[in-house]
Amino acid sequence: MIRDRQVLADLKRRNGCEEPMNYPHKDPLLGLDLFFAMGKAMQSGQMLNLNKKLFETYGRTFQFKSWGTNVISTREPRNIQTVLALAFDNFGVEPVKQKESGGSLMAKGIFTADGAIWARSRALIRPTFARPQISSFESLELHVKQLLDCIPRDGTAIDLQPLFKRMFLDTSTEFLFGESVNCLSPETSFRSSQFLESFDTSMHGLAARMQLGKLAFIRGRDTHWKNAVRQVHEFIDSHVERVLRQRKSHDTVDNNNVAGKGQSRRYILLDEMANETQDPMDLRYQLLHVFFPAHDATGIAVSDMLFHLARDPNRWRKLQSETLAVISSGPYSFELLKSMKYMRYVFNERIGLKQPGLRLHPLAGMVRRVCHKDTVLPLGGGVDGKAPIFVKRGTRVVMNIHALHRDQDLWGHDADDFRPERWESARPVWEYLPFSGGPRICPAQQMVFTEAAYIVARMTQEFSTVENVDPEPWTERFRMTVESRNGVKVRMICD
Ligand code: HEM
């Protein structure tokens, strides 16, 4: 023990490590004061601002206690790069000593596992996401048409956010399971709001249990949560059973034939995964992990783009001129969407700077890791934060992507403003991480841009103007993701 302490002291000295700033807890043992302050801020839509203030007060990297565990909070790009990429093997998502993470809802999968289990899950989805033509414009257009049909053309106000979310429930169920729930269709029998509620409840319960750690048994009798989990499982299992049945009877539809010549092939994740494993439980959990971000992440990103464009008629027109000019050169294709520079700027700006990149994991705007092996991070120590810091095994590291994206030292004094033009010259690397970075980077980022750009381009084609009818500023609502608390209330105008 004494020897260990000497080794550590030596390591710190050799690396010139100093202590990071400490949050001045009223409860220095467990840190419950800050924990409850964060809970309150989350309820009132002020969580992102609270975090921003903490960084402004205690520096780019500081430490605090949460339920007695040391947590390092950082928005320092070099520290983030070290955790996510350079010292990838020293950090994980699983607690150091816990055998199971995520309880019965998720089991271990791409979001909750490290090491071999994570690598296998990543390998299972990699081939599908690596395909350049992952989105099929033919099927996307069918869903966009249904969405457009739901938007009034007589100037009646509408909230676009629930529509976009339902549309992505449709597209994601098609991409994941090969069968859309078609909840935007007038003939649908699928009770999307009930299903989404169950999904949210199950995810919330999961997040709460993960936060409680060893105390998770407190919520053991929560039948509401258990019912929600059962419904989510039943939904996914029904698709798994269908596909396995089809495979057995050699009934699987050959998508190459369906698409025909000249059309892009529709990739279905469950079909591709079933080529690798036919274990129904394995498939259930692998799919659940992808369904988690897939069902609403892009819908929220598109909602946020529209939220700002509705408040900025000049930029709407600028984007519209670009899309109309580009589209006139040929039918939609990946290359065409990629060539829309201003679209990319609007997407980057919205998805990165104004909304906490993401989502998932577990609570949006933050990417979390646990230190599995003592590590030195390059910055954050001492009063000026310039010295390296020592991170002991078991310490949690929270990388605050939202605060990183609003750091005025990195993004200028207008870091809080919606200004897509900044991307004409901005070339950030580890300063801009809406999709995270390193080996666990979001595998869907190309698909997300393609689908978001397609929908926004179609909106600019279909409507001459979008008028904001909501006087409120963007306010966050934390679920498992962060979305606009007031939705996106607008009037869509046709000429
Ligand atoms: C606006 C949309 C999205 C954003 C901003 C986003 C962001 C992210 C981020 C930040 C991570 C890394 C988390 C970490 O390092 O712990 C991640 C991981 C992941 N994302 Fe996304 N995502 C989006 C949409 C999607 C979609 C639509 C899918 C699936 C169709 C998806 C699938 C995944 C998966 C499977 C991982 C886990 C990767 C791993 O741990 O190896 N994401 N995403």
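For the structure itself, look to the data block above.
All values reported here derive from a predicted model rather than from experimental measurement. Position labels on residues start from 1 in each chain and follow its written sequence. For a predicted model such as this one, the threshold for reporting local features is a pLDDT of at least 70, and the threshold for listing and counting side-chain atom pairs is 80 or more; totals across whole chains, interfaces and linings nevertheless cover every residue. Heavy atoms from the whole structure form the basis of all side-chain values; hydrogens and water molecules are not counted.

Caption draft 1: Local environment of the sheet that holds strand 5 (residues 158-159). Paired strands, in this sense, are two strands between which DSSP finds at least two bridges. Helix and strand definitions here come from DSSP, where helices need a minimum of 4 consecutive H or I residues and strands a minimum of 2 consecutive E residues; each element is numbered from the N-terminal end. On the basis of which strands lie adjacent, the open sheet formed by three strands has the order 5-13-10 and antiparallel pairing. Whereas interior strands pair on both sides, the edge strands pair on one side only; in this sheet they are strand 5 and strand 10 (465-468). Inspection of the sheet shows strand 5 paired to strand 13 (residues 489-493) by two bridges, in the antiparallel sense. Following the sheet pairing, Asp-159 is matched in strand 13 by Lys-489.

Caption draft 2: Geometry of the coordination of the iron atom of the ligand. Coordination of the iron atom of the ligand by the protein comes from a single atom, Cys-442 (SG), at 2.3 Å. Along the chain, the position of Cys-442 falls in the loop between helix 19 (408-411) and helix 20 (445-462). Any N, O or S atom lying within 2.8 Å of the metal counts as a donor, and for Na, K and Ca the limit rises to 3.2 Å; water is left out, so some sites can look incomplete.

Caption draft 3: Seen up close, the environment of Asp-407. Checked against the element boundaries, Asp-407 lands in the loop between helix 18 (401-405) and helix 19. Remark: the alpha-carbon pair of Asp-407 and Arg-60, spanning 347 residues in sequence, is separated by 9.0 Å. Contact between two residues is taken to exist if any of their heavy atoms lie within 4.5 Å; hydrogens are not considered. Once you skip the residues sitting within four places of it in the chain, Asp-407 turns out to touch Arg-60, Arg-75, Gly-412 and Ala-415. Polar contacts involving the side chain of Asp-407 include one to the side chain of Arg-60, which spans 2.6 Å. Polar contacts here mean pairs of N or O atoms no more than 3.5 Å apart (in protein, one a potential hydrogen donor and the other a potential acceptor; neighbouring residues in sequence count only if both atoms are side-chain atoms).

Caption draft 4: Structural detail: the sheet that holds strand 1 (residues 21-22). Spatial ordering of the open sheet is given by 1-2-3-9-6-4, a layout of six strands whose pairing is mixed. Of all strands in the sheet, those with a lone pairing partner are strand 1 and strand 4 (91-92), marking the two edges. Of the pairings in the sheet, the one linking strand 2 (residues 61-66) to strand 3 (residues 69-74) comprises six bridges and is antiparallel in character. Bridge pairing in strand 3 links Lys-65 to Asn-70.

Caption draft 5: The pairing of strand 8 (residues 387-391), seen in detail. Across the five residues that make up strand 8, a large majority, five, are buried. Where strand 7 (residues 375-381) hands over to strand 8, the hairpin turn is made up of five residues, of which Gly-382 adopts a positive phi near 80°. Only protein chains enter the area calculation, which uses a 1.4 Å probe; residues under 20% of their type maximum are buried, those over 50% are exposed, and those in between are partly exposed.

Caption draft 6: The packing of aromatic side chains, seen in detail. Here the aromatic set is Phe, Tyr and Trp, taking the six-membered ring for Trp, and pairing holds for ring centres within 6.5 Å; pairs whose planes are under 30 degrees apart are stacked, those over 60 apart are edge-to-face, and all others are tilted. Enumeration over the complete set of coordinates arrives at 24 aromatic pairs. Geometrically, the ring pair formed by Phe-88 and Trp-118 is tilted, given 5.6 Å between the ring centres and 55° between the ring planes. Here Trp-118 lies in helix 6 (residues 115-130) and Phe-88 lies in the loop between helix 4 (77-86) and strand 4, a separation of 30 residues in the sequence. Note on accessibility: Phe-88 and Trp-118 belong to one class, buried. Plain terms: the ring middles of Tyr-342 and Tyr-345 are 6.3 Å apart, the flat faces sit at 80° to each other, and that makes the pair edge-to-face.

Caption draft 7: Quick look at the packing of helix 8 (residues 160-177) against helix 13 (residues 280-294). Here, axes are lines fitted to C-alpha atoms. For helices the fit covers the stretch in contact, and angles between N-to-C directions go from 0 to 180 degrees. The contact between helix 8 and helix 13 brings their axes to 10 Å, and the two run at 155°. Judged on the interaxial angle alone, helix 13 and helix 8 are roughly antiparallel. As helix 8 packs across helix 13, the resulting crossing turns out to be right-handed. For the pair helix 8 and helix 13, the contacting residues are Phe-168, Leu-169, Ser-172, Thr-173, Leu-176 and Phe-177 in the first and Leu-287, Val-290, Phe-291 and Ala-294 in the second. Just so you know the grouping, Ala, Val, Leu, Ile, Met, Phe, Trp, Tyr, Cys and Pro go in nonpolar, Asp, Glu, Lys and Arg go in charged, and all remaining residues, Gly too, go in polar. Considering only residue class, the contact of helix 8 with helix 13 consists of eight nonpolar, two polar and no charged. Angles below 35 degrees are treated as roughly parallel, those above 145 as roughly antiparallel, those between 65 and 115 as roughly perpendicular, and all remaining angles as oblique. Note on convention: near helix rotated counterclockwise from far helix by under a right angle means a left-handed crossing. Clockwise means right-handed.

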